[in-house]
Every structure is written in structure tokens, then in C-alpha cells.
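# Summary of structural features
Here is how the chains run, residue by residue.
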Amino acid sequence: MTALADRPDDTRATADKPAEPSRPPREQDPRNPNHRLSALLDPDSIELVSADDRSGMLAATGTVHGTPVVAFCSDATVMGGAMGADGCRVVVDAYERALDDGVPIIGLWHSGGARLAEGVLSLHSVGQIFEIMTRASGRIPQLSVVLGPAAGGAAYGPALTDIVILGPEGRVFVTGPDVVRSVTGEDVDMLRLGGPEPHGRRSGVVHVVSSTEREALDRARHLGSLLGSQGEIDPAGITDVDLGANLPESAKRAYDVHPIVTDLLDDDTGLELHPKWAPNITTTLGRFGGRTVGVIANNPLRLGGCLDSTSAEKAARFVRMCDAFGVPLVVVVDVPGYLPGVGQEWDGVVRRGAKLLHAFAEATVPRVTLVTRKAYGGAYIAMNSRALGATRVVAWPTAEVAVMGAVAAVRILHRRKLAEVAPELRPQVEAELAEEHEQIAGGVDRAMELGVVDEVAQPDATRSALASAIAEAPARRGGHGNIPL
Amino acid sequence: MAELVSAEMVANVHSVVVSVGDHVESGAMLLVLESMKMEIPVLSEVSGLVSEIRVGAGDVVQEGDVLMVIG
């Protein structure tokens, strides 16, 4: 087997910057882990818990917005942050500390991978990091911020954690451009191989892309506070706003769901994960009545809001993460169905879609569903339906819960009858049949009778309805890890 | 650089909202597709001039088909 990564010096030399600039002394080097950890943690809260030596890693305790955390950082001033036995020990010790204290751990990564000079020992040591990350999975929140190259072992470190944030210079890949070129002949630089575009949009490896290192650290601070200090929901403190104002007049018209999610959450608290990957579903962490919640919402603007294999997988991982940390879920449903197509079937929409069913059915956190416009077919079941164990299902008065849209249904049910009608009269007959069909099979009333919708709420009373449902539910937490699905 | 606007999914072209030569801002609606019984607006990801329109109302487009060129 070849080494996990290019030698660190090689990967640096093939960066989008052709030549490595001359470096300032370590004290002033912006890559100095002391500077980076200080920039991450609240002022004066930092306490080093490892020696500031040439191990290649530095660890500290401190706070982010007052929330205690453990943090560690690659030392990119030593061999490009390459990881040997000593550096890996620092990370494992930091994890033991975070597990003992029950606090989030934040890793800042800038590393070419394993130290080749240490041979198999370095691989073994990197493997020990993977082991403890997996052991900690679902027990303490794990955040990663990739600030430079993170190659080979340094790529799989962040990948095993709950949330990966990428800084502008962050590059994540298993094998660097040189190895790719020598094996496959593909000419690619680090940016195109593992930068913000491929990982933010195509691979799903990265949850949050940031335009500056400062912003990347601020996002980690925000997420550390959200997951580490979740707070209590206060239904009395909830102000209602008209969430329905964000819907277009025509029920057929697609719209962007983001304003609904923003208005649902407390002001300026939301942070969307994976905004550009599988954008037909949105996954957002934020505060609701002061408490941390996770919001999952179909986005009709993209792919009509259909579920597909990628979006089901994205949502499933988010559900499992929230469940593992006891973060209640709000599921905003406006879904026409699963995306049809050969590509989807061959892409494993059955296997990958099953992950979402499994994730919801397994989740024990309070999870409330809001049907805004429509919930059709198999996708209705998947979006935290009553059958999967939703804590409460709330629907707006005009919402439709059905196997399919009423017009599509009558076209199948009344195919013969419609064929006999003159073409110019057909739309009118379809509409009449559809109305009749809706009354017996579709609308909210029927769903209430069946017990699959618990409550009809007006759009301007929805925040308080959802908040009460979450507050009344017992606070539970799933007893499982968060495998990166 | 020219920006290609392509279809995200199989759809019918419901209506084309802009004309060749129009200046559009990022986020502006370019055309509306119809798929899954929904009218789905396609928004511009860039600001620039509409230099080419390759589809018209009623056309069927496949995933990945170029609908328009901006800039």
C-alpha cells in the first residue's frame, strides 16, 4: 500500500500558490497553533494542556461564548503539521479530557498527513485518533475546522467528526495532486481536488464553507455554543410571526424555504449545514425560544423540493447527530415525492432513502413536524410522519396530506371516465373530480380524522404551537454514535 | 466569463421570463420550469447580460441541458 498522503513538503509545493513564501519566525507565524487556539477561544480563557514543543499538535481548554470546550490544533510550523506518535498522543489525550468533562471538542487542522519518517508507527498513531473519535461519537459534540491542507489521515480525522468547517485555504483529500497525476494522469490542483467548491457542493465532506479564517473560527464558536450550551425552551417567551407570509399565492409555485426557517428560529441564531450540497433539503442548527434545535426543511425551489438519494442521506445524518446530542427537531414539510429517474434508482435511492426512514424512526428526541403545503406519497412517510413516531404533527389549514396530488390521483382513478369527456371539457371535469377526491382522501380534515395530523395551526400561531409541543415532550437523547452516513 | 444556466431535473419549460440582451441581477428569475406538478423558478446565480436563450415555452428539457447563457 502506498503512504496515506504525499509528503507534506510535496503537497505544499503543488498548492495553488506555486512557491512557498518565506516564513516569519514561529512566534509571529499566523500558522502558529498558539495564535489559532487563542483566536478560537474566548479571550484569556485558554489553558494549554499539552507541551508547546515539536510534536506537531497543541491542545488547550477554554471557552467559546462562555461554553467550556477542549481544542487542539495542528502545528503547521513543524513539518507542515505532519502527524507522528507524539502529536497523535496530544489529540488522544485531548479527547480523553473532553470525554471526562463531557464538553465539545474542536480540532483545527492543517496537516499533510502522517509523518513518513516515523513509518508504520505514525499510521498506527493516526489510527488511534480515529478510534477515540469513533468512541466519542454521539457522546460529545466534535467539530473540525480545516484551515490548510488536510491530507490522508488528516482528512479522515475531520471526516469522522460531527461537523466540518472549511476555511478559505482548507483543502481536504486522501491523495494529493502528485499521486493523482502519477496514477490516473489527471492534472488537478489542490483547490479543485479538495477545496471549497468540490467539498461544499459535490462531495458533502464539508458542512460549512467560510471565506476567511476568522469567519471559520467564528462558525466553530457558534456551533460549539449551540451544541455545548443548549439551554431550555421557553414557550412563554415565544413571539409569533406570520410564517405563511413567505409562501407564494399559487400552490403550484415553488419558493425558497430559507425565509421560513429564518423566521421560525430566534433572530440571527441559525447556521445552515451543507447549504450547497443536496440543496433540495435544508439542515439548520439554531435557537428556538432560546433552546438549540435542528430544523430540516424541504426546499421547493431546488428540484421542486423532491427527496432524492443525496438529500435523504444528508437529512438522515443530521437527524442522527441531533438525536445523539439531545437536540430537538423541527421538520418543515412541503414535498411532492421522491425524484423519479433511472439515475436515482441506480444511485441507490432505495438504500440511501432508507437511512432517513431509519434515522427518524430511531430518534428519541422531541421531533415535531409542520406540514406547510403538501406531503405526498412515500416522501410524506419519510418526513417525520406520525407513523415514524413524530412527537406532534402540525399542519397549516390549506395543507394537503395525500398519496399524490388530487389532480394526478383522479387522472389515474378516473382514467376511463376522463377519456370519454371532450378534451376541452377535461380540465373542468378533472377539477371537479379532484375537489371531490380531496374531500374523501386528501385534505387536512381527513388526516386529522385518521390521527396522522394532530393539530391545525394558523401560520401566525405556528411558532408557539411548535414550541409548546417541544416543551411538553420529555427531553430524551438517542444512545448511539453519529456515523458519517 | 459566460455562465451556463442548466436544468436541474427533467422538466417542461413553462415560460421564459427574460429576453436576449436583458441585464439580469444575481437572484433574478430567468425562466420557470414545470416538473412534479410544480412551477419551479430558475434564478440567475450571476449578474450579467442574457446572451443566448436555447429553450422556449413547451420544450421538454433533460437534466443538465443548457437553458440559457449569461454574459
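Residues numbered from 1 in each chain as written. Chains lettered and ligands numbered in written order. Predicted model: local features only at pLDDT ≥ 70, side-chain atom pairs only at ≥ 80, totals over all residues. Heavy atoms only, no water.

Here we take up the layout of surface pockets. Of the volumes computed, that of the largest pocket is approximately 1,800 Å³. Lining the largest pocket are 47 residues, and of these Pro-279, Arg-302 and Leu-303 of chain A together with Glu-8 and Glu-45 of chain B lie nearest its centre. Every element with two or more residues in the lining of the largest pocket is listed here: α8 (196-203) and α12 (342-346) of chain A together with β1 (3-6), β4 (29-35) and β5 (38-43) of chain B. Here the lining of the largest pocket is built from residues that sort into 20 nonpolar, 13 polar and 14 charged. Lining the lining of the largest pocket are residues from two domains, each supplying at least three of them: domain 1 (26-226) and domain 2 (235-396 + 457-472) of chain A. Taken as a whole, the second largest pocket spans an internal volume of roughly 540 Å³. In terms of lining, the second largest pocket is formed by 24 residues, of which the most central are Ala-251, Lys-252, Lys-374, Tyr-376 and Glu-400 of chain A. Every element with two or more residues in the lining of the second largest pocket is listed here: β13 (367-376), α15 (406-413) and α17 (426-442) of chain A. The element that contributes the greatest number of residues to the lining of the second largest pocket is α15 of chain A, accounting for 4 residues. Partitioning the lining of the second largest pocket into residue classes produces 12 nonpolar, 4 polar and 8 charged. (1 Å grid on protein atoms, 1.4 Å probe; cavity = no way out; pocket = protein on both sides within 12 Å on 5 of 7 lines; lining within 4 Å. Points joined across faces, edges and corners; volume = space filled by probe spheres on them. Helix = DSSP H or I, 4+ residues; strand = E, 2+ residues; numbered from the N terminus. Nonpolar A, V, L, I, M, F, W, Y, C, P; charged D, E, K, R; others polar. Domains from an automatic or database assignment.)

Our next topic: a nonpolar patch on the surface. Residues and elements named next belong to chain B. A cluster of nonpolar side chains, namely Val-17, Met-29 and Leu-43, defines an oily patch on the protein surface of about 220 Å² accessible area. Positionally, Val-17 belongs in the loop between β2 (11-16) and β3 (23-24). Accessibility expressed as a relative area gives 45% for Val-17, which makes it partly exposed. (Patch = residues over 30% accessible without salt bridge, like charges linked within 9 Å, V, L, I, M, F, W, Y side chains within 5 Å. Areas by Shrake-Rupley, 256 points an atom, 1.4 Å probe, with all protein chains shown as cover. Salt bridge = Lys/Arg side-chain N within 4 Å of Asp/Glu carboxyl O. Buried < 20%, exposed > 50% of the residue type's maximum accessible area, 1.4 Å probe, protein only.)

Here we take up the UniProt feature "domain: Lipoyl-binding" (unreviewed entry) in chain B. In this numbering, the UniProt entry assigns the feature "domain: Lipoyl-binding" (unreviewed entry) to residues 1-71 of chain B. Summarising residues 1-71 of chain B: 0% helix, 54% strand, and an end-to-end C-alpha distance of 6 Å. (UniProt positions renumbered as here; feature names shortened; annotations may be inferred.)

This part is about the domain arrangement of chain A. All names here are of chain A. Segmentation of chain A into domains returns domain 1 (26-226) and domain 2 (235-396 + 457-472). Relative to domain 2, the C-alpha centre of domain 1 lies at a distance of 30 Å. At the junction of the two partners, domain 1 supplies 21 residues and domain 2 supplies 16 residues. Buried area between domain 1 and domain 2, summed over both chains or domains, comes out near 1,500 Å², and the portion from carbon and sulfur atoms is 62%. Among the residues of domain 1 in contact with domain 2, Arg-201, His-207 and Leu-226 are the three that bury the most area, contributing 38% of the side total. Where domain 1 touches domain 2, the interface holds 0 salt bridges. Across the domain 1-domain 2 interface, the total number found is 8 residue pairs in polar contact (both at pLDDT 80 or more). Breaking the side of domain 1 that touches domain 2 down by element, the ones donating at least two residues are α8 and α9 (213-228). Per-element accounting of the side of domain 1 that touches domain 2 gives the leading share, 5 residues, to α9. Here the residues of the side of domain 1 that touches domain 2 are counted per class, giving 8 nonpolar, 8 polar and 5 charged. (Contact = heavy atoms within 4.5 Å. Buried area = accessible area lost by both parts, 1.4 Å probe. Polar contact = N/O pair within 3.5 Å; in protein donor to acceptor, adjacent residues only side chain to side chain.)

This part is about the interface of chain A and chain B. Contact residues are listed per partner, giving 18 residues for chain A and 12 residues for chain B. Taking both sides of the interface into account, the surface hidden between chain A and chain B amounts to around 1,400 Å²; carbon and sulfur atoms contribute 59%. Our count for the contact surface shared by chain A and chain B stands at 3 salt bridges. A salt bridge links Glu-39 of chain B to Lys-252 of chain A, with the shortest nitrogen-to-oxygen separation between them at 3.8 Å. Between the two partners, chain A and chain B, sit 5 residue pairs in polar contact (both at pLDDT 80 or more). Class assignment of the residues belonging to the side of chain A that touches chain B gives a composition of 10 nonpolar, 2 polar and 6 charged.

Before going further, it helps to spend a moment on the confidence of the model for chain A. Of all residues in chain A, 95% attain a pLDDT of 70 or more, and the chain-wide mean is 92. Low confidence marks residues 1-18 of chain A, where pLDDT is under 50. Its contacts with residues over four positions away, or in another chain, come to 33 contacts. (pLDDT = per-residue confidence, 0-100.)

Bringing the sheet that holds β2 of chain B into the picture now. Residues and elements named next belong to chain B. Spatially, the 4 strands line up as an open sheet ordered β5-β4-β2-β7, and their pairing is antiparallel. With one partner strand each, in any of the chains shown, β5 and β7 (60-61) form the two edges of the open sheet. Here β4 runs beside β5; their pairing, made up of 6 bridges, is antiparallel. Along β5, the bridge assignment pairs Val-32 with Pro-41. (Pairing = 2+ DSSP bridges.)

Attention shifts here to the sheet that holds strand β8 (residues 66-70) of chain B. Residues and elements named next belong to chain B. Taken in spatial order, the 4 strands line up as β1-β8-β6-β3 in an open sheet, and their pairing is antiparallel. The open sheet has two edge strands with one neighbour each: β1 and β3. As defined by bridge partners, β3 adjoins strand β6 (residues 48-53) across 2 bridges and the pair is classed as antiparallel. Across the sheet, residue His-23 finds its bridge partner in β6, namely Leu-49.

Right, let's talk about the environment of Leu-49 of chain B for a bit. Residue and element names in this part refer to chain B. In this structure, Leu-49 sits in strand β6. For Leu-49, a relative accessible area of 48% puts it in the partly exposed group. Spatially, the C-alpha atom of Leu-49 lies 20 Å from that of Asp-65, the residues being 16 residues apart in sequence.

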